[in-house]
Amino acid sequence: MASDKVRALVIGSGFGGAVAACRLSQAGFDTLILERGRRYETADFPALPTKDALLPEGRRLGWGPNQGLCDVQDLGELISVQAAGYGGGSLIYANVQLRPPAELMDDVDKQKRRVWPAVHNRPALDPFFDLVGYMLDAAPITTHDAGLRLVKTEQLARVSRGLGREGQFFYPPLAVSRRSGSNEHGQEQAACKQCGACVTGCPHGAKNTLDHNYLALAEQNGAKVRTQCEVIRIERRDGLYRVHCVDHLTQEQRHEEAELLFLCAGAVHSTRLLAGADLGLAKERADYLRHRIGVGYYPNADAVGVIFDTKNPQYPSWGPCITMTTVFPGTPTEPRPNGSPDDDPSRRWFMIQDGGYAQDLDRMIGMVRSPVWAGRNRFLGSHATATVPACTNEPDPLPAVSGAPALQSILDRVLQARQSGLFASAMPKQLKDAAPQLVDAVSDQLLIPVVADTIKRAVRKTWPFRWITSTFGENSWADRVSVRIGVWLAHRLGDDRKIGRHAARAALTFGGQSAAQFGTNIGYNADNSDHRTMLLAMGPDPSPGVLHYHANTQSVTADLDLYHQAPRYQDQELAMRDVARALGGELRVNPAWSFLGKPITVHSQGGCRMSETPELGVTDPNGQVWGCPGLYVLDGACLPASVGANPSSTIAAIAERNVLELIKARKPAWLEGESDGAKQYRTQRAKAVQWRASAEALHWQLEPPKPNAEPSQSEPIGLAFEERMQGFHSAPTSRLESIDIETVKAAFRALETKGRPGHAINVVLRAQTLNLPRFLEDQKHILTLTGHVNVRLPGSDQVKRYAGKGHLQLLVPRRKPHVLHHAAAKVQREIAPSYTSSKGPQRTTRLMRYTLNFLDEQQQRWELRGYKHISDDPGADAWRDTTELFVKLSRFTVGRRRELVSAGVMHMDMAGFLKLVQGMCLITPSSNGPMSNPDPARVVWTLVSFCQFFFGSLQRIYMPQLQTMLDTLMRPSWSKHL
């Protein structure tokens, strides 16, 4: 195992690592950069799919042993995407250089403490933001020759004006080269060709990626770089940090030692490496730090949508990926029944940006509306009209993209081999002889009955047989004779057995389709691709989540507060609906979110948060890990809150500020010295001031403006159903106060029996939520209740009807897959009081809690409170548990004291349950009634989502073995710890 010793070691070469390496080397520190990915020249980026291929070659695109460009990780409740290569995220990001609003960085928590350390306020950081802007030569698209001629940009500008958001529309600064030749740092670059390939690797060298500026300067000033060298473990020995890594070129393991260590591997990997590090701390101190690592993680509310078949052309592949931004307001969090809304107005906004892509990806983008998703991700159908007129600009021809040699993906190879007959020739003879018999057996048992019934149904639907059936009636003598004649005619082509065999063989061979036909049928096509536009959304996260570290697999998983996240994603989807309606197109959103319930983020932040005190974070305001001198976190992991805007500029500016503080502490005279590095740095700071003056003179928008209060024109989707229950009640007994659940149940049933027949009670209730996504992610699953109760109150001689309102908590508490240690949960409660996964046993029971308030004739307030206890008792008790409601009837006396009057049991019969299911319907907030002309796909998937939640919860209680069996079949054994 080889080893080296340096003074400063930087892990990662993204926006934090590149800045740290550049400034340290300028200051004369012996610096080494370790980067797990490779260097990329313009021709090295993975080739995009050719016209004859379905997918790009995965070995060069996805991270793994073959050193791909993109690291896509399934973190459980989230899919994370980041780059792997020299230059980090700058290789595949969308070039945007925005700083967060000043008020966001002045935000305070519930205890009135600053979320961001005081030294990181906007006035103090603005000079460093300006320095980053100069170093990356950031400027809006309007400064480019073709900037004002981009159709997609002009179309979305018109949409923003039409939606009354002209003041929230702007052109963000982009780190894209505007001219060919040597840049400010002596690096040769080409001018932007407007090809749209920003996020797959610029094939022209026109992106101002970090290897063209910060990293180039670092190497000029003596920094050493070791690429394709992945860090696997960190430890501290004898005052030095020892970093164990593996060289992916030689597969040799080695270690490096350094006095100063900078974690800049991205929020997810920096958190993972720090959580698994052996820092030589005493156990108490090590546990103290460990319980804070991973707390406070943010995905930046990233979302994506694609609008298909717009009325007018959009030309999404012309121009940089992102050219414009519009700010939208978010809706406040709904208040709890017994509390105030947990919402922060300064974080209640989000941005919509255009998302261009290389023309070679047109067919892959078509997969977003593949029939595979069955319309589940369709949030707005196509419209014939558009409120935005067409642009008169005609884009110039796109330049040819030269990249790495195209290699076939495994799917293309399989389809090509099948089409050419290689599979058939490679089949063992015994298997080939046995296959027809197997097909016959399958068709005999499964397909033939289906085929016979299908033919009969088809005959009855075909004229003139349809007329005979409607005239004489189904199964009449005329109908039976005509159906036999129709079946005989159909069988002239073959009997049921032959048709069944052909159907089985066709299913096994994809209908004999070519690869191109197969791709087209699953939505993989570029039809009408110029009439598409992609929308990217992001904003401040309403509440932080947690990254859980798993030592046995050295991996992390994300535990998100999706109750607060889901409404933000829905706000974004509603805004995208407004845009789609204006463009006259069909909106489809990320299938991973709509189909799997997993958001995708390319802007992970937090996990090693900065804080004023060790109690609330991992690093001090300068980025140094508490109690670990010389160990720094200088990437997105150190951010104490999500910035909402594209975070690259914030990460770089904080790294600029924090590494300068380190240099000043260790080399106080450097800044005013005469070394080449000091002179270079002073010149760059002076030019940054000029850059800022130019930006102000030209009125560039450097941060998102405040949103206006205009709500979205689109509405969220809700769900409603009616529930009817009837039963009996009587005067309560002390046995209701028992702590034994079975004793209490027996007491309720005794009161029910005692109450018959003269103490009847029944209710008719409408349960609804105006926001189904929020309901599904709510840990308390709250539905509002309206309706009436029929009951004879004490002192009355007859049953009367009383109108009431209340709420229903359905199947609580929610089960979370991971829990925090109590010490970590305490920290999480400090920074996010609304959400914590605490340590404790997973519950195998659920409750349904009903609360209904009503007034009698004397305006006295009454309350009907009930619950259903769902538990896995011996026997088949699922029906009884879900249809048996234990109720208490109370009245409020003077002083608002609740006085228990009676108790009993109500039931729902089978007819009532079936009527409840039949009456489920989609609703909207404006109508508060059934949605008119809903999209069939939305009807199906909305109702399926609710039923999946309800019956899935019951399955996990009454048949947990089924979930275990499915997990075993669907997940590999190594994932059981994730």
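Residues numbered from 1 in each chain as written. Predicted model: local features only at pLDDT ≥ 70, side-chain atom pairs only at ≥ 80, totals over all residues. Heavy atoms only, no water.

> How do you make sense of the overall build of the protein chain when you look at a structure like this?
When helices and strands are tallied, the protein chain shows 27 helices and 32 strands. Residues counted as buried form 55% of the 978 residues belonging to the protein chain. With the model as given, the accessible surface of the protein chain reaches about 42400 Å², and the carbon-plus-sulfur share is 55%. (Helix = DSSP H or I, 4+ residues; strand = E, 2+ residues; numbered from the N terminus. Buried < 20%, exposed > 50% of the residue type's maximum accessible area, 1.4 Å probe, protein only. Areas by Shrake-Rupley, 256 points an atom, 1.4 Å probe, with all protein chains shown as cover.)

> Help me understand the confidence of the model for the protein chain, please; the structure alone is not making it clear to me.
The predicted coordinates ought not to be read in detail in places where the model reports low pLDDT. Scored by pLDDT, the protein chain comes out at a mean of 85, with 87% of its residues at no less than 70. Across residues 335–342, where pLDDT falls below 50, the model places 14 contacts with residues more than four positions away in sequence or in other chains. Counting interchain partners and residues more than four positions distant, the pLDDT-below-50 stretch residues 964–978 has ten contacts. (pLDDT = per-residue confidence, 0-100. Contact = heavy atoms within 4.5 Å.)

> Would you explain the pattern of salt bridges in this entry?
Side-chain pairs of opposite charge can arise where the charged atoms are in close proximity. Tallying each qualifying case throughout the model produces 47 salt bridges. Across the salt bridge formed by Arg38 and Asp44, the nearest N and O atoms sit 3.3 Å from each other. Judged by relative accessible area, which is 23%, Arg38 ranks as partly exposed. Between Asp571 and Arg568 there is a salt bridge, with its nearest N and O atoms 3.1 Å apart. Here Asp571 and its partner Arg568 are both found in helix H17 (residues 562–583), three residues apart, which amounts to about one turn of the helix. Neither residue differs from the other here; Asp571 and Arg568 are each classed as buried. Within this structure, Arg99, Arg122, Asp126, Asp130, Arg692, Glu696 and Glu703 form a network of salt bridges that share partners. (Salt bridge = Lys/Arg side-chain N within 4 Å of Asp/Glu carboxyl O.)

> So what exactly am I meant to see when it comes to the packing of aromatic side chains here?
The geometry of an aromatic ring pair is captured by the separation of the ring centres together with the interplanar angle, meaning the angle of the planes. The full count for this structure, using the stated rule, is 16 aromatic pairs. Between Tyr569 and Trp593, the ring centres sit 4.8 Å apart and the planes meet at 55°, which makes this aromatic pair tilted. One end of the pair, Tyr569, is in helix H17; the other, Trp593, is in helix H18 (residues 591–596), with 24 residues separating them in the sequence. Owing to a relative accessible area of 5%, Tyr569 belongs among the buried residues under this scheme. (Phe/Tyr/Trp six-rings, centres within 6.5 Å; stacked < 30°, edge-to-face > 60°.)

> Please clarify how the side chain of Gln809 should be interpreted in this entry.
Counting through the fold element by element, Gln809 comes out in strand S27 (residues 800–812). Gln809 sits in the buried class, given a relative accessible area of 14%. Not counting chain neighbours up to four residues away, the residues in contact with Gln809 comprise Lys780, His781, Ile782, Leu847, Met848 and Arg849.

> I'm lost on the sheet that holds strand S16 (residues 378–380) in this one. Help?
Strand order in the open sheet formed by seven strands is S5-S14-S15-S17-S13-S20-S16, with antiparallel pairing between adjacent strands. On the outer flanks of this sheet lie strand S5 (169–170) and S16, each paired with one strand and no other. Here strand S13 (residues 303–308) runs beside strand S17 (residues 533–538); their pairing, made up of five bridges, is antiparallel. Of the residues in S17, the one forming a bridge with Ala303 is Ala537. H17 contacts S13, strand S14 (325–329), strand S15 (349–354), S16, S17 and strand S20 (586–589) of the sheet and is inclined by roughly 20° relative to S13. (Pairing = 2+ DSSP bridges. Axes fitted to C-alpha atoms, helices over the stretch in contact; angles between N-to-C directions.)

> Help me out: how do you make sense of the pairing of strand S11 (residues 253–263) in this one?
A regular strand places its side chains on the two faces of the sheet in alternate fashion. Among the eleven residues that make up S11, nine are buried, leaving the element largely enclosed by the rest of the structure. Bridging between strand S10 (residues 240–247) and S11 involves six bridges; their strand directions are antiparallel. Across the sheet, residue Arg242 finds its bridge partner in S11, namely Glu257. Hairpin geometry of S10 and S11 is characterised by an intervening segment of five residues between the two adjacent antiparallel strands and by a positive phi of about 60° at Gln251.

> For this particular structure, what's the right way to read the sheet that holds strand S18 (residues 545–550)?
Hydrogen bonds between backbone groups are what pair the strands of a sheet, and the pairing can be parallel or antiparallel. Here we have four strands laid out as an open sheet, ordered S19-S18-S12-S22, and antiparallel in their pairing. The two strands at the open ends of the sheet, each matched to only one other strand, are strand S19 (555–559) and strand S22 (605–606). By the bridge criterion, two bridges tie strand S12 (residues 295–298) to S22 in an arrangement that is antiparallel. Bridging across to S22, Tyr297 finds its partner in Gly606. Packed onto the sheet, helix H7 (residues 267–275) meets S12, S18, S19 and S22 and runs at close to 50° relative to S18. Those strands touched by helix H23 (residues 822–831) are S12 and S18, and its axis lies near 55° from that of S12.

> Even after reading the chapter, I still don't get H7, so can you show me in this structure?
In an α-helix there are 3.6 residues to a turn, and that puts residues three or four apart on one side. The buried fraction of H7 amounts to nine of the nine residues, a majority that puts the element mostly inside the structure. Within H7, burial applies to Ala267, Val268, His269, Ser270, Thr271, Arg272, Leu273, Leu274 and Ala275.

> Can you walk me through the nonpolar core in this structure?
Among soluble globular proteins, nonpolar side chains are generally buried collectively. Ranked by size, the top nonpolar core spans 128 residues in total, and within it Leu9, Ile11, Leu24, Trp116, Tyr214, Phe262 and Leu274 carry the most contacts. In terms of residue count, helix H19 (residues 648–666) provides more of this core than any other element does, nine residues in total. Discounting residues that sit within four places of it in the chain, Phe262 has contacts with Ala8, Leu9, Val10, Ile11, Leu24, Tyr632, Leu634 and Leu662. (Core = buried A, V, L, I, M, F, W, Y, C linked by side-chain atoms within 4.5 Å.)

> Whenever I open this one, unusual backbone geometry confuses me. Can you help?
Both trends apply: most residues other than glycine have a negative phi, and most peptide bonds are in trans. A cis amide bond, omega -10°, links Arg756 with the succeeding residue Pro757. Mapped onto the elements of the fold, Pro757 is located in the loop between helix H21 (741–755) and strand S25 (760–769). The backbone of Ala301 shows a phi angle near 50°, a positive value even though the residue is not glycine. With respect to the helices, strands and loops of the structure, Ala301 is situated in the loop between S12 and S13. Positive phi outside glycine occurs at Asp309, with the angle close to 55°. Residue classification places Asp309 among the partly exposed residues on the basis of a relative accessible area of 27%.

> Can you walk me through the packing of helix H13 (residues 465–472) against helix H14 (residues 477–490) in this structure?
Two elements in contact, H13 and H14, have axes whose closest approach is 9 Å; the angle formed by their N-to-C orientations is 165°. Classified by the angle between their axes, H13 and H14 sit roughly antiparallel to one another. The element H13 and its partner H14 pack so that their crossing is left-handed. Contact residues: H13 offers Phe465, Ile468, Thr469 and Phe472, while H14 offers Ala478, Asp479, Ser482 and Gly486. Here the residues of the contact of H13 with H14 sort into four nonpolar, three polar and one charged. (Parallel < 35°, antiparallel > 145°, perpendicular 65-115°, else oblique. Left-handed = near helix turned anticlockwise from the far one by under 90°. Nonpolar A, V, L, I, M, F, W, Y, C, P; charged D, E, K, R; others polar.)

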